[in-house]
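Now for the letters of each chain:
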Amino acid sequence: MQINRLSDALGAEITGIDVGALDDQKFATIHAAFLEHQVLVFRDQSLAPDAQVAFSERFGPIETRPNRPYILPDVPEITVLSNRRADGDPVGVINAGDFWHTDLSFAEIPSRATFLYALEVAEEGGDTEWSNMYLAYETLPEDTKRRIEGLRGVHVFDRRKNPRTRVDAQYAANPDAVYGLPIPDATHPMVRTHAQTGRKSLFVSPRFVVGIDGMDDALAQPLLDELFDHQTRPEFRYRHTWRKGDLLMWDNSCLIHIGRGNIKPPGIRHMHRTMVLGDRPR
Ligand code: SIN
């Protein structure tokens, strides 16, 4: 197994390994690399849905929230992300993650890790980009660190309640079917401590955080704008251009990410996604 760093900010590429056939020693090496590099890129995988589920489950319980759109028939742990259409209808989520976010941060127990496997990639477009929230926190001015200490962000699933986002075009005809699901808002600390590494990171994102618990918007919104601006500085980021057979996993406890979209027709990007749950942010 070879592990090579992908950027100064985050990420490592792992070659010479089949994630569908891992002994405990190799798993321990991967787990350590995951905590160190935050995004792992496994090249040249040939991964059946059940094998992806089995690998994901080694990191925690799989997320199987009801009413998730585009669940893979027979394997409900997997969500299909795809711009393919069958008889005119999408077969998957077309524009997943089009605003900077952390997966499932709107939930009481957000996702620990996400696994995304590329079955087909387009010639152009469809990159994914991550930003390192350890670095974002560590580089905040001391005064800002003091201002946000102990504050909690309000995380909201419904895009219609978030002026920094817009309703996804795929759901525009019936937004209530997706955004009207009974998902209660959650509050989480704006600075969280990673359950495994003990490091502090900034835990906000423009996709999900719409306010600060107990703080008037006149004060909260400028502070959020400042943090959203800071957290995507280029030096915190790694952008991945996918190859067929890539399996990526990332640590949602200390990253935000965005799907860059812009797939050039007639390219098809077809992916299988799993997520595992983590701890209550502290
Ligand atoms: C996601 O945000 O979950 C998916 C990102 C992507 O498809 O690039």
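Predicted model only: the values in this text are computed from it and were never measured.

Quick notes on the sheet that holds strand S9 (residues 128-132)
At step 1: Taken in spatial order, the three strands make up an open sheet running S15-S9-S17, and their pairing is antiparallel. In this open sheet, the two strands that pair with only one neighbour each are strand S15 (237-240) and strand S17 (255-259). Averaged over all pairs of adjacent strands, the angle between their axes in this sheet comes to 20°, without regard to strand direction.
At step 2: Note: S9 against S17, five bridges, orientation antiparallel. Bridge pairing links Asn132 to Leu255 in S17.

Here we look at the site of the ligand
At step 1: Lining the immediate environment of the ligand, one finds Leu81, Ala96, Gly97, His101, Asp103, Leu116, Thr128, His257, Gly259, Arg269 and Arg273.
At step 2: Between His101 and the ligand, the recorded distance is 3.1 Å, taken from a side-chain N or O atom to an oxygen atom.
At step 3: When atoms are counted within 2 Å of each cavity's grid points, the one that captures over half of the ligand is the largest pocket.
At step 4: Classifying every residue of the shell around the ligand gives three nonpolar, five polar and three charged.

Description of the side chain of Ser205
At step 1: Relative to the helices and strands, Ser205 is located in the loop between strand S13 (200-202) and strand S14 (209-212).
At step 2: Overall, the relative accessible area of 1% leaves Ser205 in the buried class.
At step 3: Ignoring any residue separated from it by four or fewer positions in sequence, one finds Ser205 in contact with Trp100, His101, Thr102, Phe228, Gln231 and Ile256.

A short note on the sheet that holds strand S1 (residues 2-5)
In a beta sheet, neighbouring strands are held together by backbone hydrogen bonds and run either parallel or antiparallel to one another.
At step 1: Strands sit in the order S1-S2-S3-S16-S8-S18-S5-S4 across an open sheet of eight strands; the sheet is mixed. A strand with exactly one partner marks an edge of an open sheet, and here the two such strands are S1 and strand S4 (71-72).
At step 2: In the sheet, S1 pairs with strand S2 (residues 12-15) via four bridges, with the strands oriented antiparallel. Pairing of Gln2 across the sheet is with Thr15, part of S2.

Comments concerning the pattern of salt bridges
At step 1: Going through the model one piece at a time under the given rule, you end up with 22 salt bridges.
At step 2: With a closest N to O distance of 3.0 Å, Arg260 and Glu129 form a salt bridge. In this pair, Arg260 is assigned in the loop between S17 and strand S18 (270-277) and Glu129 in strand S9, connecting sequence segments 131 residues apart.
At step 3: Taking relative accessible area as the criterion, Glu129 reaches 6% and is therefore assigned buried.
At step 4: Across the pair Arg192 and Asp279 runs a salt bridge, and its minimum N-O distance is 3.5 Å. Of the two residues, Arg192 is situated in strand S12 (residues 191-193) and Asp279 in the segment after S18; the sequence distance between them amounts to 87 residues.
At step 5: Overall, Arg192 belongs to the buried group, its relative accessible area being 3%.
At step 6: Residue Asp279 is classed as partly exposed on the basis of its relative accessible area of 26%.

Re the nonpolar core
At step 1: Membership of the largest hydrophobic core comes to 26 residues, with the highest contact counts inside it found for Leu40, Phe42, Phe55 and Phe59.
At step 2: Looking at this core, the elements with two or more residues in it are S2, helix H1 (24-37), strand S3 (39-42), helix H2 (49-57), strand S5 (75-82), strand S8 (111-120) and strand S16 (247-251).
At step 3: Residues within four places of Phe42 in sequence aside, it is in contact with Ile14, Ile17, Val19, Ile30, Phe55, Gly245, Asp246, Leu247 and Met249.
At step 4: Grouped together as the second largest cluster of nonpolar side chains are 23 residues, Leu10, Val39, Val93 and Trp242 included.

Thoughts on H1
At step 1: A rise of 1.5 Å per residue sets the reference length of H1, with its 14 residues, at 20 Å; its end C-alpha atoms lie 20 Å apart and thus fit the reference within 8%.
At step 2: Among all positions of H1, only Phe27, Ile30, Ala33, Phe34 and His37 are buried. Down the axis of H1, the smallest arc covering the buried residues is 125°, so these residues share one side. Along H1, exposed side chains directed more than 90 degrees from the buried face belong to Asp24, Gln25 and Glu36.
At step 3: In this structure, the buried residues of H1 make contact with S1, S2, S3, H2, S8 and S16.
At step 4: Downstream of H1 by one or two residues, Gln38 has phi in the positive range, about 75°.

Description of the layout of surface pockets
Taking a probe equal in size to a water molecule and rolling it over the atoms shows the remaining empty space.
At step 1: Its boundaries defined by the atoms lining it, the largest pocket holds a volume of some 800 Å³.
At step 2: Taken together, 46 residues line the largest pocket, and the ones lying closest to its centre are Val93, Asn95, Ala96, Gly97 and Arg273.
At step 3: Counting only elements with at least two residues in the lining of the largest pocket, the list comes to S5, S8, helix H5 (175-179), S17 and S18.
At step 4: Considering each element in turn, the lining of the largest pocket owes the most residues, four residues, to S5.
At step 5: Across the lining of the largest pocket, the residue classes break down as 19 nonpolar, 15 polar and 12 charged.
At step 6: Of the voids in this model, the second largest pocket is the one considered here, and its volume is about 230 Å³.

About the thresholds
- Residues numbered from 1 in each chain as written.
- Predicted model: local features only at pLDDT ≥ 70, side-chain atom pairs only at ≥ 80, totals over all residues.
- Heavy atoms only, no water.
- Pairing = 2+ DSSP bridges.
- Helix = DSSP H or I, 4+ residues; strand = E, 2+ residues; numbered from the N terminus.
- Axes fitted to C-alpha atoms, helices over the stretch in contact; angles between N-to-C directions.
- Near = heavy atom within 4 Å.
- Polar contact = N/O pair within 3.5 Å; in protein donor to acceptor, adjacent residues only side chain to side chain.
- 1 Å grid on protein atoms, 1.4 Å probe; cavity = no way out; pocket = protein on both sides within 12 Å on 5 of 7 lines; lining within 4 Å.
- Sits in = over half its atoms within 2 Å of the grid points.
- Nonpolar A, V, L, I, M, F, W, Y, C, P; charged D, E, K, R; others polar.
- Buried < 20%, exposed > 50% of the residue type's maximum accessible area, 1.4 Å probe, protein only.
- Contact = heavy atoms within 4.5 Å.
- Salt bridge = Lys/Arg side-chain N within 4 Å of Asp/Glu carboxyl O.
- Core = buried A, V, L, I, M, F, W, Y, C linked by side-chain atoms within 4.5 Å.
- Expected span 1.5 Å × (residues − 1).
- Arc of directions from axis to C-beta.
- Points joined across faces, edges and corners; volume = space filled by probe spheres on them.

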